[in-house]
Structure formats: C-alpha cells, structure tokens
Amino acid sequence: MIVQRLALFDLDDTLVNLDEAFREWAAEFAEGYGLGREAVDWLIALDQAGYPHREVFFGKVREHFALAESIEELWGRYRRRMPYLVRCQPEVMDGLARLRAAGWRVAIVTNGTADNQLGKIQRTGLAEAVDAYALSGLEGIRKPDAGLFEIAARRCGTALAGGGWTVGDHLVADIGGGRAASLRTVWIDRGTWPDQEREADHVVTDVLQAMEILHGER
C-alpha cells in the first residue's frame, strides 16, 4: 500500500529542545528569587520526576520555596517566558524544508496551553517552516486522541485515511496516539521510558534521524 507523504511532528523535545530551555528557565527563576544553585537542581529534579502538568508542578514549587505568588501567577509567568527560551536548531529547520521540497506535507501536533505552545511555534520560526499545526490548547482535544492528528492532516489538505507518519518522544501521546490514528511511527528515545514496551515502527535518538527515515520512504 502506498502511504501518502504526510509527516506529523511533536513539538517539545522533538522539534525543539524543551529540556535545555527548562534549565535556562530554572537558572533565571532561582536567580530572580535569590535561591542559589541548589534550587536549580531541585527544580530540574522535580521536572524530571514526572510533573509535566505545570499547575501541579508550580503548586509544589510554591510550597517548597514558600512563595507569595499564586500558582496561577507562577505558571503564567512561566508560559510567557518559555517561548523566548526554546530554540529550533538550524539543522532541524533545514530538515523540514527538505521534506517539504520533496513533496511531504508537514505539520506540528502538540499538547499544551495555547499561549505557550503557539508562542514557541511563532518565535522559533516553525510557524513558517511547516504547512500546519494543531494545538490541544486551541482545539480542546489532546493526544493520544486521534482527533488532534486528524485536524493537522486536514489542515495539510489530506486525511488520516491516506496514512502517513508521526514523530515524537512520548510513547503514549505520540506513539500510542499515532498508532490509534493508523499512522506509522518514529519514536525519539531520550532514555526517559526505561523498560517500556516499544511498539513504534522505528526508534531513533533525535529528530534528524527520524527525518532521514522519512526521506528513505518511497
């Protein structure tokens, strides 16, 4: 069966290095409150402990450092700042351009709040580097629900029925969601899912390797 040239990419820790941006934010946060280096390590450890939902994360931050600001204020400042800290490597931008030049339709499919994720996409230049994007915070639907992938495909002028690929670092949201959407999958293994069942079609360590796999498809 011929699979259409549709490539749907996750955003955080796939097209952009969120971990690197988070470390920069943690250093700024600790310096702003005069908390010292130990606070930076604590924030990074908390993030890596599996608190991706920032309301929960900032609830713990507020309690630990006895901060006067509300959780909503802390989380809001974080969302406003992160788009200025994330970066998309030139090699990744070039890779997206190569895919589109080769006839691929390319979109971003990401979970997260609208202001934070849209800010990242716009400030990194990714908004112009892809054909479309679908953000859970705007659409009211989250990966792994196949509906978010369908929205992205439709905005690319295609449909999931024609097949395609999804690339991401999250085994449930990206790989599980992609499989539920009848897409072929490339998982970016960053070492954060030890001893987990790996049902992706391909496993790589960065998005550039994933792009080369797509280029090899006929």
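Residues numbered from 1 in each chain as written. Predicted model: local features only at pLDDT ≥ 70, side-chain atom pairs only at ≥ 80, totals over all residues. Heavy atoms only, no water.

Enquirer: I keep staring at the packing of helix α1 (residues 18–32) against helix α3 (residues 54–65) and nothing clicks. Help me out?
Expert: Two measures define how a pair of helices packs: the angle their axes make with one another and the distance between the axes. Axis separation between α1 and α3 bottoms out at 15 Å; the angle between their running directions is 30°. As summarised for this structure, α1 and α3 are arranged roughly parallel, according to the angle between their axes. The chirality of how α1 crosses α3 is right-handed. When α1 is examined against α3, the residues Phe 22, Trp 25 and Phe 29 are found in contact with a partner set consisting of Arg 54, Phe 57, Phe 58 and Val 61. Taken together, the residues that form the contact of α1 with α3 break down as six nonpolar, no polar and one charged. (Axes fitted to C-alpha atoms, helices over the stretch in contact; angles between N-to-C directions. Helix = DSSP H or I, 4+ residues; strand = E, 2+ residues; numbered from the N terminus. Parallel < 35°, antiparallel > 145°, perpendicular 65-115°, else oblique. Left-handed = near helix turned anticlockwise from the far one by under 90°. Contact = heavy atoms within 4.5 Å. Nonpolar A, V, L, I, M, F, W, Y, C, P; charged D, E, K, R; others polar.)

Enquirer: Could you clarify how one ought to interpret the sheet that holds strand β6 (residues 202–204) in this entry?
Expert: Strands in a sheet are paired, the pairing made by backbone hydrogen bonds, and the direction either parallel or antiparallel. Strand order in the open sheet formed by six strands is β3-β2-β1-β4-β5-β6, with parallel pairing between adjacent strands. In this open sheet, the two strands that pair with only one neighbour each are β3 (132–135) and β6. Taking the axes of each pair of neighbouring strands and ignoring which way they run, one obtains an average angle of 20° across the sheet. Two elements, strand β1 (residues 6–9) and strand β2 (residues 105–110), share four bridges in a ladder whose sense is parallel. Bridging across to β2, Ala 7 finds its partner in Val 106. Together, β1, β2, β3 and β4 (165–168) form the strand contacts of helix α9 (residues 146–155), whose direction differs from that of β3 by roughly 160°. (Pairing = 2+ DSSP bridges.)

Function cannot be inferred from these measures alone, as they are strictly geometric.
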